[in-house]
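Residues per chain are reported as follows:
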Amino acid sequence: MKTLIFSLSIIYFFLRINIFSQKSTLTILEKIVIHCKSNSISEPLFTEISETSLIGVSSSAVDWGDYDNDGDLDILLSGFTDNNTVTKIYRNDGGNNFTDESSIQLINVGGGFAKWGDYNNDGFLDILLFGDTWPSTPYRLIYHNNGDNTFTDLNNSNYLPARAGGSWGDYDNDGDLDILLSSGIFRNDRNNKFKEQTWLSFPDGNASWGDYDNDGDLDLISSEYFSDFATIYRNNLPDNSFTQQITIPFGGTITSIISGDYDNDGDLDIFLIGELNGAKNGTKIFRNNFPENTFTEQTSINIIGLQTSNNSIALGDYDNDGDLDILLTGNGGIYNINPAAKIYDNNYPENSFTENTSISLTNIRNGAVAWADYDNDGDLDVLLTGKTLANKNISKIYQNNSIAKNEKPSIPPNLQVQIIGNDVVFTWDKSTDNETPQNGLTYNIKIGRTPEFGDILSPMSDIQNGYRKIVFSGNTGSSISWRIKNLPEGEYYWSVQAIDNSFSGSEFAEVKSFTKGKLFLEFSEDTLISITGTSNGLAAWGDYDNDNDLDLLLTGKTDDNNEVAIIYRNDGESNFIEQNSITLQGGSSAQWVDYNNDGNIDIFITAGDKMVMYKNNGILLFQKN
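Residues numbered from 1 in each chain as written. Predicted model: local features only at pLDDT ≥ 70, side-chain atom pairs only at ≥ 80, totals over all residues. Heavy atoms only, no water.

## Details of the nonpolar core
- Counting 37 residues, the largest nonpolar core has Phe-46, Trp-64, Ile-75, Leu-361, Trp-371 and Ile-397 as the members making the most contacts within it.
- Counting only elements with at least two residues in this core, the list comes to β2 (58-65), β3 (74-80), β4 (85-94), β24 (338-346), β26 (365-372), β27 (381-387) and β28 (393-400).
- Looking at which element gives the most residues to this core, the answer is β26, with 5 residues.
- Not counting residues within four places of it along the chain, the set of residues in contact with Phe-46 comprises Tyr-318, Ile-343, Ile-359, Leu-361, Trp-371, Leu-380, Asp-381, Val-382, Tyr-398, Gln-399, Asn-400 and Asn-401.
- Among the nonpolar cores identified, the runner-up in size contains 29 residues, and Ala-61, Leu-141, Phe-186 and Met-460 belong to it. (Core = buried A, V, L, I, M, F, W, Y, C linked by side-chain atoms within 4.5 Å. Buried < 20%, exposed > 50% of the residue type's maximum accessible area, 1.4 Å probe, protein only. Helix = DSSP H or I, 4+ residues; strand = E, 2+ residues; numbered from the N terminus. Contact = heavy atoms within 4.5 Å.)

Right, dumping it as structure tokens:
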């Protein structure tokens, strides 16, 4: 087996370099290599790391993020232990070692959610934390990252509803992260203040952001607890409102909603999980038919059904073939008592998923899972928390041993900026990638007052090398344009990077600058046009020969102190020809005017204390009156 794997690995490497440099789908050969690798007794595809012991939790929440800006992903974890609740940060020290940052004091909660996000655009990841303490006191908290391995609780954050799931997202395109809860929106008004948007409310349940219509702003999808349908609300930006747009029937009780572009066509599809009518569990995929504003259930795709309220799902390209695979946990089986942890391979471009039965993860329920390349080796690893069949709480990291390594996307080209009123519109061209198809890429923009920072819009990436600080798609989605609203006057710097389906970021494009404020026009000299230089004179434009372009009348003193009045006729080809046949008295000023209303403009010249009038006779000559 090892010999076969080695041989196939060499062939794989040769083909990848020499043939598939522009590939967008996984070749059959690559799938054989990965399959053999995962079935090798000596080294399975995923290996549980033993160097670090994480506290076991269930009813849990997990998120990866580089909170200390050291170039690797750390762990934010909350949940119930056997007799208490806990919230912890584990710092990634490299070499499969994670340190419990016990000096960081966070409220211990379970049964909620925990999310990294830079809400104040200072370059450090903050925390959105919801849940119940032991036994049942609800907390909802925002922690500000102080940049020195400490966090400060925003004292004003307890106005957020107690029972709610949620996420970060800039729904109003003003450059800062707002909060979506399962029952409403809280707008970031900066200075550590969030204001509830009372004009929009929906029943408590599940909710998440997503630009489902590809118009450059975040829409949202919501379902009430124990509801049998989900509703998409369209963002009406620039109006501060949402309109109910589409209702998606599930045919049972929805417990989880997640979005992702599984078919790499540049729009967000929807995954709904729950208990179908007839006590049968199910995971349904609804394909986005953009631009038709409809979604179609993919009835041919069969994904394991998991019990209501006990499941967790994550999307990510773990096998580096350029498409989103599924990591799914929860209770399954006939009586919903058998915990499960399964990975489904996306068979793009075929419209199907296949369970990878060769991968062995600890079966859990009532937990949370997350993909992340924590060891920076070019493939997605697994963080898994929950309760086993023996009712034991666990938290485990599985390292991905795949030989197929991900490569970064190319840098987005052709950055352009346009100022429209109080807004600024940014555009760029699409990137390419050796794994993710071009339409499957997303993009991530940064805007700052200096080239080095994103203090207006944080990319949550390292601006110097593009390293992604969170495991998520780009902040503009698949769109190659984005509009920021109501940007104040000033000088700004911006750039953009591409993000692939393994959530790896390209380097940022060369930083561009622009000035928002008064309009400054730039002119360049036309060195091909020769005009006599004068002083103490005047230049006047007028179409004296009625050929629909402006000619030039020039007066003043030349270098030899002679007063002149010269006509330069515009020949329509950016040439101005001095009319030597027209003799005019020199003067200090002049103007065109049709004094006799004959349709031909005449000339008035001021010379000392005299005014001289020249009548245009309509045949390119002037007569002194």
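## Things to note about the sheet that holds strand β38 (residues 576-578)
- Taken in spatial order, the 4 strands line up as β35-β36-β37-β38 in an open sheet, and their pairing is antiparallel. In the strand order of this sheet, the two ends are held by β35 (535-542) and β38, each with one partner. Across the sheet, the mean angle from the axis of one strand to that of its neighbour is 25°, orientation sign disregarded.
- With 6 bridges connecting them, strand β36 (residues 551-557) and strand β37 (residues 563-570) associate as antiparallel partners. When the bridges of β37 are listed, Leu-554 appears paired with Ile-566. (Pairing = 2+ DSSP bridges. Axes fitted to C-alpha atoms, helices over the stretch in contact; angles between N-to-C directions.)

## Some remarks on the environment of Ser-410
- Along the chain, Ser-410 falls in the loop between β28 and β29 (416-420).
- Given the relative accessible area of 28%, Ser-410 is considered partly exposed.
- Along the primary structure Ser-410 and Phe-508 are separated by 98 residues, whereas in three dimensions their C-alpha atoms are 9.4 Å apart.
- Ser-410 has contacts with Ser-431, Thr-432, Ala-498 and Ser-506, leaving out every residue within four places of it along the chain.

## Concerning the packing of aromatic side chains
- Summed over the entire model, instances satisfying the criterion amount to 29 aromatic pairs.
- Centre to centre, the rings of Trp-64 and Tyr-374 are 6.1 Å apart; their planes meet at 15°, and the pair counts as stacked. Here Tyr-374 lies in the loop between β26 and β27 and Trp-64 lies in strand β2, a separation of 310 residues in the sequence.
- Under the relative-accessibility criterion, Trp-64 is labelled buried at 1%.
- Seen from their ring centres, Trp-592 and Phe-622 are 6.3 Å apart, and the 50° between their planes marks the pair as tilted. With Trp-592 in strand β39 (residues 589-593) and Phe-622 in strand β42 (residues 622-624), this residue pair connects regions lying 30 residues apart in the sequence.
- The exposure class assigned to Trp-592 is buried, which follows from its relative accessible area of 13%. (Phe/Tyr/Trp six-rings, centres within 6.5 Å; stacked < 30°, edge-to-face > 60°.)

## Some points on the environment of Ala-340
- By secondary structure assignment, the location of Ala-340 is in strand β24.
- For Ala-340, a relative accessible area of 7% gives the class buried.

## Considering the pairing of strand β31 (residues 442-448)
- Among the 7 residues that make up β31, 7 are buried, leaving the element largely enclosed by the rest of the structure.
- Burial along β31 is two-sided: the residues Thr-442, Asn-444, Lys-446 and Gly-448 and Tyr-443, Ile-445 and Ile-447 are all buried.
- Sheet topology places β31 next to strand β33 (residues 490-499); 7 bridges connect them, and they run antiparallel. The residue bridging Thr-442 from the neighbouring strand is Ile-499, located in β33.

## A closer look at unusual backbone geometry
- Omega for the bond connecting Leu-237 with Pro-238 falls within 30 degrees of zero, at 15°, which places this linkage in the cis form.
- Residue position: Pro-238 is located in the loop between β16 (229-235) and β17 (242-249).
- Cis rather than trans, the peptide bond between Tyr-348 and Pro-349 has omega equal to 10°.
- With respect to the helices and strands, the residue Pro-349 is situated in the loop between β24 and β25 (353-355).
- Positive phi, normally seen in glycine, also occurs at Asn-214, with a value near 55°.

## Quick notes on the confidence of the model for the chain
- On average, residues of the chain carry a pLDDT of 87, and 88% of them reach 70 or more.
- Segment residues 1-41: pLDDT under 50, and 68 contacts once partners within four positions in sequence are set aside and those in other chains are kept. (pLDDT = per-residue confidence, 0-100.)

## Considering the sheet that holds strand β23 (residues 325-332)
- Spatial strand order, β22-β23-β24-β25: 4 strands in an open sheet with antiparallel pairing. Of all strands in the sheet, those bounded by a partner on one side alone are β22 (312-316) and β25. Averaged over all pairs of adjacent strands, the angle between their axes in this sheet comes to 25°, without regard to strand direction.
- With 5 bridges connecting them, β22 and β23 associate as antiparallel partners. Looking across to β23, one finds that Leu-315 is bridged to Ile-326.

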